[in-house]
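What the coordinates show
Residues per chain are reported as follows:
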Amino acid sequence: MATRYVTRSGKDTDGDITKLCNQGEAWSPRLKADAIRDIENKVHDYFVSWTDGQKTPIRVVNGTSGKYLRTQRDGSTKNNLDDLDDC
């Protein structure tokens with residue numbers, strides 16, 4: 001299983017995450033559906049990395065309107081997918 005670090009995220013007009021990105025990486029951008037499949041099938045792990053070397057895993061969540069991507073809740077906003085720069 002390969003680890004992929006996410007530095008940016010694509011969002012639609014409602015603010016929902018549509019893709020994960022890391023400029024310069026061959027896999028980027030990765031559409032939401034493909035990233036969900038990668039995580040569920042244990043093909044790739046996705047993380048948001050912090051400037052201090054920590055990393056926060058990106059998880060698949062089953063919501064009322066379907067599956068979506070979210071970082072693990074940890075009390076910080078600096079690693080939330082919604083708060084990353086757009087790609």
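To start, this report covers the structure provided alongside it. It should be emphasised that the depicted structure is a prediction, and the values quoted were computed from it without experimental measurement.

1. With respect to the state of the cysteines
Taken as a whole, this structure holds one disulfide when the rule is applied. A sulfur-sulfur distance of 2.0 Å marks the disulfide that ties cysteine 21 to cysteine 87. Residues cysteine 21 and cysteine 87 share a disulfide whose torsion about the S-S bond is about 60°; that sign makes it right-handed. Of this pair, cysteine 21 sits in strand β3 (residues 17-21) while cysteine 87 sits in the segment after β8 (85-86), and the two are 66 residues apart along the sequence.

2. Let's talk about helix α1 (residues 32-40)
Every buried residue of α1 is listed here: Ala35, Ile36, Asp38 and Ile39. Down the axis of α1, the sector holding all buried residues measures 160°, keeping them to one side. Its buried side turned inward, α1 meets β1 (2-6), β3, β4 (30-31), β5 (44-49), β6 (55-63) and β7 (66-71). Of the residues flanking the end of α1, it is lysine 42, one or two places downstream, whose phi is positive at about 55°.

3. Describing the pairing of β6
Note that β5 and β6 share three bridges and pair antiparallel. Paired with valine 48 across the two strands is threonine 56, which belongs to β6. Bridge count between β6 and β7: six bridges; the pairing is antiparallel. Directly across from arginine 59, in β7, lies its bridge partner arginine 70. Taking the residues that link successive antiparallel strands as the turn, the β6-β7 hairpin has two residues.

4. Quick notes on the sheet that holds strand β2 (residues 8-11)
Strand order in this open sheet of four strands is β4-β3-β2-β8, and the pairing throughout is mixed. Of all the strands in the sheet, just β4 and β8 have a single pairing partner and so form its edges. Alignment of β3 against β4, held across two bridges, turns out to be antiparallel. Across the sheet, the residue bridging to leucine 20 is arginine 30, located in β4.

5. Digging into the packing of aromatic side chains
Aromatic ring pairs: the centre-centre distance and the angle between the two ring planes describe each pair. Throughout the structure, instances matching the rule amount to two aromatic pairs. Seen from their ring centres, tryptophan 27 and tyrosine 46 are 5.8 Å apart, and the 80° between their planes marks the pair as edge-to-face. With tryptophan 27 in the loop between β3 and β4 and tyrosine 46 in strand β5, this residue pair connects regions lying 19 residues apart in the sequence. Tyrosine 46 carries the same exposure label as tryptophan 27, and that label is buried. Over the ring of phenylalanine 47 we find lysine 55; its NZ or CZ atom is 4.4 Å from the centre of that ring.

What counts and how
Residues numbered from 1 in each chain as written. Predicted model: local features only at pLDDT ≥ 70, side-chain atom pairs only at ≥ 80, totals over all residues. Heavy atoms only, no water. Disulfide = S-S within 2.5 Å. Helix = DSSP H or I, 4+ residues; strand = E, 2+ residues; numbered from the N terminus. Buried < 20%, exposed > 50% of the residue type's maximum accessible area, 1.4 Å probe, protein only. Arc of directions from axis to C-beta. Contact = heavy atoms within 4.5 Å. Pairing = 2+ DSSP bridges. Phe/Tyr/Trp six-rings, centres within 6.5 Å; stacked < 30°, edge-to-face > 60°. Lys NZ or Arg CZ within 6 Å of the ring centre and 35° of its normal.

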